[in-house]
Amino acid sequence: MRNFGKQSTVAVAGKYLALGFYVAFALFPLYWLAKIAVTPDKLIFTDGTALVPSSFTFENFRTVLLHTDFLAYFRNSLVVSLGTAAITTCIAAAAGYAFSRFDFRGKRLIIAAMLITQMFPLLMIIAPIYKIVAAVGLLNSLTSLIIVYTAFNIPFATFLMQSFFDGIPKDLEEAGMIDGCTRFQALRKIILPLTLPGLAATLGFIFTAAWSELLFALMLINSNDTMTFPVGLLTFVSKFSVDWGQMMAAGVLALVPSCLFFIFIQRYLVQGLTSGAVKG
Amino acid sequence: MTALADTAPGETRARPSFYFRYLVEPYLYLSPAIVLIALVMMVPLAIGISYAFQSVNLLRPFETGWVGFENFQALWSDRKFWLALTNTFWWTLGSISLQFFLGLGLALLLNTQFHGKRLVQALVFLPWAVPTFLSALTWAWLFNPTIGPLPHWLAALGILSEPYNILADPDLAMWGPITANVWFGIPFFAITLLAALQSIPGELYEAAEIDGASTWQCFTKITLPFLAPMIAITVMLRTIWIANFADLIFVMTGGGPANSTQILSTYIFTTAFRKLDFGYASAIAVALLGLLLIYAAILLVLRRKLVKI
């Protein structure tokens, strides 16, 4: 937010050039995805590397939506991601609140345990989880994915929520408690409304994480009915590996939910991080 | 301290007992998180470590049992393991350094004022929202000479002799996933470093300007020291994360061609997923975990020496 006053035209031009480079680098792959998706099949090879297709079509999108299992994958992923995001956010909000407001026995131990879960390779537990899930008969079910993803995301979400709670003065709920609320009432009526941006950011974070998880879904799901989007698209790719237009159309459609969520949360993100998470 | 606050107004109302406040109430809020993490992460972690010392192969269900360090002995003489270890090193180093410097550059740019800042910020952060499997597929397609422009551009620039798919070339294949990873990872560094930049008090720069400091001096004497703790922690976390990150490589090359992009985490996954040899997969995972712990310890010691808070 600072301005060094007199900047030379060369410096300004350089700055905009650099920004242009970053924007182009960020958008080009997505542009290309969309471009191939709207190029008619017979033009894909003749158009080759032309930057703009010579004609447009939405045929690929129509085929993907109507003649493939795309919608089922999409629905499965939506169920898993929304379920994971909602449950994780509730649990993490409670845990983050406890970390932010209480000093208690075992606090350091629990924080250390949560940090450890962020350190070890998640792939390390892929085999035990497979065996456990198989033993309780939850293979090929979306429930198992929701439980597993929820546990994976809780530690990070908890630290995130803690930082949001830390940003809210303790006096507020103490005032409420003096006026006769219980602590839980104070939390619900005074603190939660103030953390709404934090809750939204956490929700979006977890949603996108669950939406893109591939390896555990690949391991735990192999029936076509319960495949999530990443697994479905990957099988799609290996099954019909020549139908470029349709694959890219499916890719574009997969982008929609996470980009929507991202646009919604991105302004809270820097704000949230600035206000607490990483200060110090 | 808090107990004192309780004795102030409203004292006669049921005063929460000491034990309730310190032993019970926090755990009421924490218990769902603790139970889930214990059941879904800690218990499997313990089981996973124990697998490393067992023979657990779903394809050979009758040869189970404790085998001591046999898996690790096999690991020691496994040529693929050492190759994967070397690849992990280059993959991590290449990805993290490019991500970091490009991310720092972007954060510094976004911390200045220019027209259309909100829009630019939303656009450059967008790759981070793209699901990883989709980034991997998109970049794999971009590198495919049939539908992607990259091989043609590289050939036109003289980097490639002819437009072919570098993902199929053992010497160059690793650059494919690294490019995708850099594209995907720049926003993370930009976001966290931008947040740290915005918390630097503006007066420092004003004072420096009055004293006649150049932009470069401001950067090295104010910006960098303030960013240092943040840089240390993000680089450490990201290194661990990238070393463990199998999705991009698994989707783009599957570890091939000729294992030239096989890193430890993809090796773990393919061993568990395709060969169903959970014992051996766990042994590789334990080895990777050990290496990462050593790395984290070294970095934390360095941080304590370099950054005085």
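These numbers come from a predicted model, not from an experiment.

1. Some remarks on the side chain of B:R238
Residue and element names in this part refer to chain B.
Reasoning step 1: Note on placement: R238 falls in helix α10 (residues 215-243).
Reasoning step 2: Salt bridges are absent for the buried R238, whose nearest opposite-charge side chain, D247, sits at 12 Å.
Reasoning step 3: Contacts of R238, omitting those with residues within four sequence positions, involve I96, Q99, G185, F188 and F189.

2. Structural notes on helix α5 (residues 107-119) of chain A
All names here are of chain A.
Reasoning step 1: Here α5 contains 13 residues, and its C-alpha end-to-end distance of 19 Å stays within 8% of the 18 Å for a straight helix at 1.5 Å per residue.
Reasoning step 2: Those residues of α5 that sit buried are K107, I110, M114 and T117. Along the axis of α5, the buried residues cluster in a sector spanning 90°; they form a single face. For α5, the exposed residues lying more than 90 degrees away from the buried face are R108 and L109.

3. Some details on the packing of helix α1 (residues 9-38) of chain A against helix α5 (residues 117-124) of chain B
Reasoning step 1: Relative to each other, α1(A) and α5(B) sit at 40°, their axes nearing to 9 Å. By the criterion of interaxial angle, the relationship of α1(A) to α5(B) is oblique. Like other packed secondary-structure pairs, α1(A) and α5(B) cross with a definite hand, here left-handed. Contact residues: α1(A) offers A:L19, A:Y22, A:V23, A:A26 and A:L27, while α5(B) offers B:V120, B:L123 and B:V124.
Reasoning step 2: Broken down by class, the residue content of the contact of α1(A) with α5(B) amounts to eight nonpolar, no polar and no charged.

4. Some points on the domain arrangement of chain A
Residues and elements named next belong to chain A.
Reasoning step 1: The domain boundaries assigned to chain A delineate domain 1 (9-57) and domain 2 (64-277).
Reasoning step 2: Contacts between the two partners involve nine residues from domain 1 and, on the opposite side, eight residues from domain 2.
Reasoning step 3: Between domain 1 and domain 2, the buried area comes to about 630 Å², and carbon and sulfur atoms account for 82% of it.
Reasoning step 4: The three residues of domain 1 that bury the most area against domain 2 are L33, I36 and A37, which together make up 58% of that side's buried surface.
Reasoning step 5: There are zero salt bridges connecting domain 1 and domain 2.
Reasoning step 6: At the boundary of domain 1 and domain 2, one finds zero residue pairs in polar contact (both at pLDDT 80 or more).
Reasoning step 7: Within the residue set of the side of domain 1 that touches domain 2, elements represented by two or more residues are α1 and α2 (44-47).
Reasoning step 8: Sorting elements by how many residues they give to the side of domain 1 that touches domain 2 places α1 first, with six residues.

5. Notes on the environment of A:F25
Reasoning step 1: Within the secondary structure layout, A:F25 lies in helix α1.
Reasoning step 2: Excluding residues that lie within four positions of it along the chain, A:F25 makes contacts with B:W139, B:W183 and B:I186.

6. Considerations on a nonpolar patch on the surface
Reasoning step 1: A contiguous nonpolar patch, built from A:Y31, A:L51, A:V52, A:F56 and B:W153 and spanning about 540 Å² of accessible area, is present on the exposed surface.
Reasoning step 2: Relative to the elements of secondary structure, B:W153 occurs in helix α7 (residues 150-156).

7. Brief notes about the interface of chain A and chain B
Reasoning step 1: Tallying the contact residues gives 96 residues for chain A and 94 residues for chain B.
Reasoning step 2: The contact between chain A and chain B buries some 9,000 Å² in all, and 80% of this surface belongs to carbon and sulfur atoms.
Reasoning step 3: Applying the counting criterion to the chain A and chain B interface returns one salt bridge.
Reasoning step 4: The closest approach of N and O atoms between B:E25 and A:R183, which form a salt bridge, is 3.5 Å.
Reasoning step 5: In this assembly, chain A and chain B are joined by nine residue pairs in polar contact (both at pLDDT 80 or more).
Reasoning step 6: When residues in the side of chain A that touches chain B are grouped by element, the largest group, 16 residues, is from α1(A).
Reasoning step 7: Grouping the amino acids of the side of chain A that touches chain B by side-chain chemistry returns 76 nonpolar, 13 polar and seven charged.

8. Focus on the pattern of salt bridges
Residue and element names in this part refer to chain A.
Reasoning step 1: Taken as a whole, this structure holds five salt bridges over all chains when the rule is applied.
Reasoning step 2: The partner of R62 in a salt bridge is E59, with the nearest N and O atoms 3.6 Å apart. In this pair, R62 and E59 both sit in helix α3 (residues 59-67), three residues apart, roughly one turn of the helix.
Reasoning step 3: For R62, a relative accessible area of 46% gives the class partly exposed.
Reasoning step 4: Accessibility expressed as a relative area gives 40% for E59, which makes it partly exposed.
Reasoning step 5: The salt bridge partner of R101 is E173, with a shortest N-O separation of 2.8 Å. Pair noted here: R101 is in helix α4 (residues 70-101) and E173 is in helix α8 (residues 170-178), with a separation of 72 residues, a long-range link. Here the two residues R101 and E173 agree in accessibility, since each one is buried.

Definitions and cut-offs
- Residues numbered from 1 in each chain as written.
- Chains lettered and ligands numbered in written order.
- Predicted model: local features only at pLDDT ≥ 70, side-chain atom pairs only at ≥ 80, totals over all residues.
- Heavy atoms only, no water.
- Helix = DSSP H or I, 4+ residues; strand = E, 2+ residues; numbered from the N terminus.
- Buried < 20%, exposed > 50% of the residue type's maximum accessible area, 1.4 Å probe, protein only.
- Lys, Arg positive; Asp, Glu negative; His and termini not counted.
- Salt bridge = Lys/Arg side-chain N within 4 Å of Asp/Glu carboxyl O.
- Contact = heavy atoms within 4.5 Å.
- Expected span 1.5 Å × (residues − 1).
- Arc of directions from axis to C-beta.
- Axes fitted to C-alpha atoms, helices over the stretch in contact; angles between N-to-C directions.
- Parallel < 35°, antiparallel > 145°, perpendicular 65-115°, else oblique.
- Left-handed = near helix turned anticlockwise from the far one by under 90°.
- Nonpolar A, V, L, I, M, F, W, Y, C, P; charged D, E, K, R; others polar.
- Domains from an automatic or database assignment.
- Buried area = accessible area lost by both parts, 1.4 Å probe.
- Polar contact = N/O pair within 3.5 Å; in protein donor to acceptor, adjacent residues only side chain to side chain.
- Patch = residues over 30% accessible without salt bridge, like charges linked within 9 Å, V, L, I, M, F, W, Y side chains within 5 Å.
- Areas by Shrake-Rupley, 256 points an atom, 1.4 Å probe, with all protein chains shown as cover.

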